[in-house]
Amino acid sequence: MYFSVGLLIVTYNHLLIMPEKKIADLREDYRLHTLDISDVADDPIEQFKTWFEAAQEAKVPEPNAMTLATATADGIPSARIVLLKGFYEDGFVFYTNYESDKGREMDANPHAALVFCWLGLERQVRISGAVQRLPEDESLAYFQSRPKGSQIGAWASPQSQIISDRQILEDNVRRLQEEYASADQLPRPPHWGGYVVKADQIEFWQGRSSRLHDRIRYQKEGGGWKKERLAP
């Protein structure tokens, strides 16, 4: 059955009264900025830094929030929002539970894609490349820099596993709070750590009027980057 946000929608046995504006009619005409290939840095990491800082200055909510897309070994994709925790050269860093769905997928198929969407600036950045775990000492250093409550949370949650109710999590937290009551830091869980996406392609997208958006793509080529304009 086809669903649309119109005045009346029949969904199985229910009649829904919805706003008159249909989903298909929702649109914005982007006019804030332009993006020319002559305006961007030769290095996409420098360009990302410029745009990321602009998102911070514009007070875009959680500018480090990004979609992380992974796939199983046989190519079934999945995506979710995670937080960027650093970037350098051609690497974008985040942390998670190795035993989560995304952790298992990255172990089985070590490639990933990232998307940043900064609607307040009418901008999007797409990144793809190979993914690998960070060294243990880097994961430990970041883990112990987190608030103690977040450290406890990483131990308390068997991420992506089925649990019967929330009480299991709360009981785990209470036990850990008691066990580490006198400690400032917890040891890093062996199942938790960092990953880095080693970018081989980065695209900068700037919204433009009438859907004629600007798209500049960088691709790894030898020891440098090739940049080119794409049609929207």
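Residues numbered from 1 in each chain as written. Predicted model: local features only at pLDDT ≥ 70, side-chain atom pairs only at ≥ 80, totals over all residues. Heavy atoms only, no water.

Undergrad: Any chance you could break down the overall build of the chain for me, citing the residues and the numbers?
TA: Along the chain, the regular secondary structure elements total five helices and eleven strands. Its C-alpha atoms give the chain principal-axis dimensions of roughly 60 × 60 × 40 Å. Counting every position in the chain, which comprises 232 residues, the buried fraction comes to 36%. Nonlocal contacts in the chain, meaning residues at least 24 apart in sequence, comprise 61% of its contacts between residues at least 6 apart. For the chain, the accessible area works out to roughly 13,700 Å², and carbon and sulfur atoms hold 52% of it. Counting 28 positive and 34 negative side-chain charges, the chain places the averaged centre of each group 4 Å from the other. (Helix = DSSP H or I, 4+ residues; strand = E, 2+ residues; numbered from the N terminus. Buried < 20%, exposed > 50% of the residue type's maximum accessible area, 1.4 Å probe, protein only. Contact = heavy atoms within 4.5 Å. Areas by Shrake-Rupley, 256 points an atom, 1.4 Å probe, with all protein chains shown as cover. Lys, Arg positive; Asp, Glu negative; His and termini not counted. Charge placed at Lys NZ, Arg CZ, Asp CG, Glu CD.)

Undergrad: Summarise the packing of aromatic side chains; cite the residues concerned and give the values.
TA: For the structure on display, the rule yields 18 aromatic pairs. Between F116 and W118 the ring centres are 5.6 Å apart and the planes differ by 40 degrees, which places this aromatic pair in the tilted class. Taken as a pair, F116 and W118 share a single burial class, namely buried. These aromatic residues form a ring-pair network of at least three members: F48, F52, F87, F92, F116 and W118. Cation over ring: R133 sits above Y98, and NZ or CZ is 3.7 Å from the ring centre. (Phe/Tyr/Trp six-rings, centres within 6.5 Å; stacked < 30°, edge-to-face > 60°. Lys NZ or Arg CZ within 6 Å of the ring centre and 35° of its normal.)

Undergrad: Lay out the pairing of strand β8 (residues 123–133) with the relevant residues and their values.
TA: Pairing of strand β7 (residues 111–118) with β8 involves eight bridges; the strand directions are antiparallel. Residue W118 lies in a different strand from β8, and its bridge partner there is R123. The loop that links β7 with its antiparallel partner β8 comprises four residues; one of these, E122, has a positive phi angle of about 55 degrees. Where β8 meets strand β9 (residues 192–206), eleven bridges bridge the pair, whose relative direction is antiparallel. Among the inter-strand pairings, Q124 is bridged to a residue of β9, identified as W205. (Pairing = 2+ DSSP bridges.)

Undergrad: Give a description of the side chain of D214 that names residues and reports values.
TA: As for its placement among the helices and strands, D214 is situated in strand β10 (residues 214–221). Here R229 takes part through its side chain, which lies 3.0 Å from a polar atom of the side chain of D214. With near-sequence residues (within four places) excluded, D214 lies in contact with T34, L35, F204, W205, Q206, R208 and R229. (Polar contact = N/O pair within 3.5 Å; in protein donor to acceptor, adjacent residues only side chain to side chain.)

Undergrad: Please provide a residue-by-residue account of the pattern of salt bridges, values included.
TA: The full count for this structure, using the stated rule, is 17 salt bridges. The salt bridge partner of D29 is R31, with a shortest N-O separation of 2.7 Å. Relative accessible area serves as the criterion here: at 64%, R31 is assigned to the exposed category. D214 serves as the salt-bridge partner of R208, at 2.8 Å between the closest nitrogen and oxygen. (Salt bridge = Lys/Arg side-chain N within 4 Å of Asp/Glu carboxyl O.)

Undergrad: Any chance you could break down the pairing of β10 for me, citing the residues and the numbers?
TA: Within a regular beta strand, the side chains point alternately toward one face of the sheet and then the other, so they alternate between its two faces. Bridge count for β9 against β10 is six bridges, and the pairing is antiparallel. When the bridges of β10 are listed, I202 appears paired with Y218. Here β10 runs beside strand β11 (residues 224–230); their pairing, made up of seven bridges, is antiparallel. Across the sheet, the residue bridging to E221 is G224, located in β11.

Undergrad: Give a detailed account of the nonpolar core, specifying residues and quantitative values.
TA: In terms of nonpolar packing, the biggest core is built from 31 residues, with F48, F92, W118, V125 and I127 touching the most fellow members. Looking at this core, the elements that each hand over two or more residues are α1 (44–57), β3 (65–71), β6 (91–97), β7, β8, β9 and β10. Residue contacts for W118: discarding those within four places in its chain leaves F48, W51, F52, A55, V60, P63, R123 and V125. In this structure, V93, Y95, A156 and W192 belong to the second largest nonpolar core, which totals 13 residues. (Core = buried A, V, L, I, M, F, W, Y, C linked by side-chain atoms within 4.5 Å.)

Undergrad: Run through the confidence of the model for the chain, naming residues and quoting values.
TA: Confidence in the prediction for the chain averages 91 pLDDT; 91% of positions are at 70 or higher. This model gives residues 1–12 a pLDDT under 50, and the stretch forms 30 contacts once residues within four places in sequence are excluded. (pLDDT = per-residue confidence, 0-100.)

Undergrad: Please set out unusual backbone geometry residue by residue, giving values where relevant.
TA: Most peptide bonds take the trans form, and the phi angle of most residues other than glycine is negative. One non-glycine residue, K59, adopts positive backbone phi at about 55 degrees. Mapped onto the secondary structure, K59 falls in the loop between α1 and β3. Relative accessible area serves as the criterion here: at 70%, K59 is assigned to the exposed category.

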